[in-house]
Amino acid sequence: MSETVKLTIGEKTYELPVIEGSENEKAIDITKLRAESGYITIDTGFKNTGSTKSAVTFLDGEKGILRYRGYPIEQLAEKAEFLEVSYLLIYGHLPTKTEYQEFKENITTHTLVHEDMRMFFEAYPAKAHPMGIMAASLCTLSTFYPESLDPNRSDEAVDLTIHRLLAKIPTLAAWSYKNAMRHPVIYPKNHFDYCENFLHMMFAMPTCEYSPDPIITNALNKLLILHADHEQNCSASTVRVVGSSQANLYASISAGVSALWGPLHGGANQAVIEMLETIINDGGDLEKWINKAKDKEDSFRLMGFGHRVYKNFDPRAKIIKKAADDVLGKLGVVDPVLDIAKKLEEVALNDEYFQSRGLYPNVDFYSGIIYRALGIPTEMFTVMFALGRLPGWIAQWKEMMHDKQPISRPRQIYTGETERDFVDIDKR
Ligand code: ACO
């Protein structure tokens, strides 16, 4: 007989089924609890709540394990191409040569965005944050493809939307940067691969070509892979919640971008660099800033430290730290921000406050340092994260649709006023 858990409320005992995952992680299934007992559970921030079963990504925060569809992140970051990993996440298996060729061709065919859409970029203020442009323009894509408004079309139609999203996001990202620079946009060139094409649209000018540097394209490829999925995080959950209302895929992904923007999630990569620069400009007194982070009266937190699920180490941070050393070494970049980051990490890791709370550098602590070395401006860092995370969001959305998950609609415990009569305005 399968395992159950007994819950006693007053005189009555309820037997709740236990669900076990393929890595032996366990959950108590409470789907019938309210109907049978009248009780709900409460778990602010969903710290103990599984929102779904999923076969996309496995992570073990205690052991520092991360696998996409069973493949360890270390192997994928070392050996795979970002589009190969995208295919793996979205379709569940590594592509054969023929499948991969076809997938790449499909994506290459859709890199242009509609000329009318280019006009929108001219209207954004130069100071517009590129994440605002990214969220808006991904949702705007739906207006150019009205047939995509129904997310339940044929597999071919859904695939077309997926190809369009993957193909156009680098174009939209690079154009948001060109907008900030008040430079003319650069059109994609389809003989470049995915990473090269993005860098070309970022750094070429009408007056000069971009020649891809393998050190830079390889580093970008690795960073995108490391960010490609992270199971039910804030933005992936947002994509699933929005998608569960049967909103179209463009709108669901755009909502994921907005969720990613916050400094407690993907926005941390920008916040880390800004924090490190502030520390340097303030004289570099690390103890002062560590004490600020520990002070509960002070709102300052050590950005790039801590994670909801990793309480030992973040395996992506390990890979990124090594990549940062490699890239900066190969490019001959000397960055005082890298030096202060390393010192800060050392001080924090030896501090009881951080040790006892399991606060370690996360994926975003070092990623910004590599992006800086690649010439990508700080405000674009979270956009880079979105580029990497897109296949993960798509995979999570696809699985949610396939599993026909019901609309996400949590309950609450009401703590407001009980019923009272309306009072006319002159009597208040
Ligand atoms: N600096 C100082 N103290 C911290 C930090 C930090 N970066 N992170 C957590 N803490 C402390 C909290 O104050 C709390 O202390 P307490 O137990 O004395 O009250 C304890 O550690 C637990 O923290 P919570 O906020 O409860 O942990 P939660 O899981 O809710 O938050 C989060 C995780 C949001 C990532 C948090 O660690 C944080 O704010 N980190 C900085 C922002 C950041 O780097 N975000 C990127 C995350 S990775 C990603 O999304 C890609």
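Keep in mind that this is a model prediction, so the values were computed, not measured.

**Looking at the sheet that holds strand β4 (residues 57-60)**
Taken together, the 3 strands give an open sheet; going across it, the order is β4-β5-β6, and neighbouring strands pair in antiparallel fashion. Two strands close off the open sheet at either side, each with one partner strand: β4 and β6 (71-72). In terms of strand pairing, strand β5 (residues 65-68) meets β6 through 2 bridges, oriented antiparallel. The residue of β6 that forms the bridge with Arg67 is Pro72.

**Quick look at the site of the ligand**
With respect to spatial proximity, 22 residues lie near the ligand, and among them Lys296, Arg301, Leu302, Gly304 and Arg308 are the closest. Between Arg301 and the ligand, the recorded distance is 2.8 Å, taken from a side-chain N or O atom to an oxygen atom. Between the ligand and Arg308, the relevant distance is 2.7 Å, taken from an oxygen atom to a side-chain nitrogen or oxygen of the residue. Here the ligand loses 78% of its free accessible area of 920 Å² to cover by the protein chains. Taken together, the residues of the shell around the ligand sort by class into 11 nonpolar, 5 polar and 6 charged.

**As for the environment of Lys168**
Within the fold, Lys168 resides in helix α7 (residues 155-181). Lys168 sits in the buried class, given a relative accessible area of 3%. The spatial distance from the C-alpha of Lys168 to the C-alpha of Glu352 is 46 Å, given a sequence separation of 184 residues. Apart from residues no more than four positions distant in its own chain, Lys168 is found in contact with His110, Thr111, Leu112, Val113, Leu141 and Tyr145.

**Here's the deal with the packing of helix α5 (residues 115-123) against helix α6 (residues 130-144)**
Direction vectors running N to C along α5 and α6 enclose 155°, while the axes themselves pass 11 Å from each other. In terms of axis orientation, α5 runs roughly antiparallel to α6. As α5 runs across α6, the sense of the crossing is right-handed. Counting all contacts with α5, which are made through Asp116, Met117, Phe120 and Phe121, the residues of α6 involved are Ile133, Ser137, Thr140, Leu141 and Phe144.

**Some thoughts on the pairing of strand β1 (residues 4-9)**
For a regular strand, side-chain orientation follows a simple rule: the groups alternate between the two sheet faces. Bridge analysis of β1 against strand β2 (residues 12-20) gives 6 bridges, and the strand direction is antiparallel. When the sheet's bridge partners are listed, Val5 is paired in β2 with Leu16. Counted along the chain from β1 to the antiparallel partner β2, the turn is 2 residues long, and its residue Gly10 has a positive phi close to 60°.

**With respect to unusual backbone geometry**
In this structure, Arg69 is a non-glycine residue whose phi angle is positive, near 50°. Topologically, Arg69 is positioned in the loop between β5 and β6. For Gln246, which is not glycine, the phi torsion reads 75° and is therefore positive. Locating Gln246 in the fold gives a position in the loop between α10 (234-244) and α11 (249-261). Overall, Gln246 belongs to the partly exposed group, its relative accessible area being 35%.

**Considering the domain arrangement of the chain**
Here the chain is described as being made up of domain 1 (4-50), domain 2 (76-225 + 251-258) and domain 3 (268-374). A separation of 29 Å is found between the C-alpha centroids of domain 2 and domain 3. Counting from both sides, the interface comprises 10 residues of domain 2 and, opposite them, 11 residues of domain 3. Across the domain 2 to domain 3 interface the summed buried area is about 840 Å²; carbon plus sulfur atoms make up 83%. Considering only the side of domain 2, the residues that lose the most area to domain 3 are Ile215, Ile216 and Leu223, jointly responsible for 55% of the buried surface there. Linking domain 2 to domain 3 there are 0 salt bridges. In this assembly, domain 2 and domain 3 are joined by 1 residue pair in polar contact (both at pLDDT 80 or more). The element that contributes the greatest number of residues to the side of domain 2 that touches domain 3 is helix α9 (residues 214-226), accounting for 6 residues.

**Here's the deal with the environment of Lys342**
You can see Lys342 is positioned in helix α15 (residues 336-349). For the pair Lys342 and Lys321, spaced 21 residues apart in sequence, the C-alpha separation works out to 9.3 Å. Residues within four places of Lys342 in sequence aside, it is in contact with Asp325 and Tyr366.

**Considering the sheet that holds strand β3 (residues 26-28)**
What the 3 strands build is an open sheet, ordered β1-β2-β3; its pairing is antiparallel. Edge strands, defined here as strands with exactly one partner in the open sheet, are β1 and β3. Adjacent strand axes in the sheet meet at a mean angle of 30° when their direction is disregarded. As judged from the 3 bridges shared by β2 and β3, these two strands associate in the antiparallel manner. Note on β3: the bridge partner recorded for Ile19 is Ala27.

What counts and how
- Residues numbered from 1 in each chain as written.
- Predicted model: local features only at pLDDT ≥ 70, side-chain atom pairs only at ≥ 80, totals over all residues.
- Heavy atoms only, no water.
- Pairing = 2+ DSSP bridges.
- Helix = DSSP H or I, 4+ residues; strand = E, 2+ residues; numbered from the N terminus.
- Near = heavy atom within 4 Å.
- Polar contact = N/O pair within 3.5 Å; in protein donor to acceptor, adjacent residues only side chain to side chain.
- Areas by Shrake-Rupley, 256 points an atom, 1.4 Å probe, with all protein chains shown as cover.
- Nonpolar A, V, L, I, M, F, W, Y, C, P; charged D, E, K, R; others polar.
- Buried < 20%, exposed > 50% of the residue type's maximum accessible area, 1.4 Å probe, protein only.
- Contact = heavy atoms within 4.5 Å.
- Axes fitted to C-alpha atoms, helices over the stretch in contact; angles between N-to-C directions.
- Parallel < 35°, antiparallel > 145°, perpendicular 65-115°, else oblique.
- Left-handed = near helix turned anticlockwise from the far one by under 90°.
- Domains from an automatic or database assignment.
- Buried area = accessible area lost by both parts, 1.4 Å probe.
- Salt bridge = Lys/Arg side-chain N within 4 Å of Asp/Glu carboxyl O.

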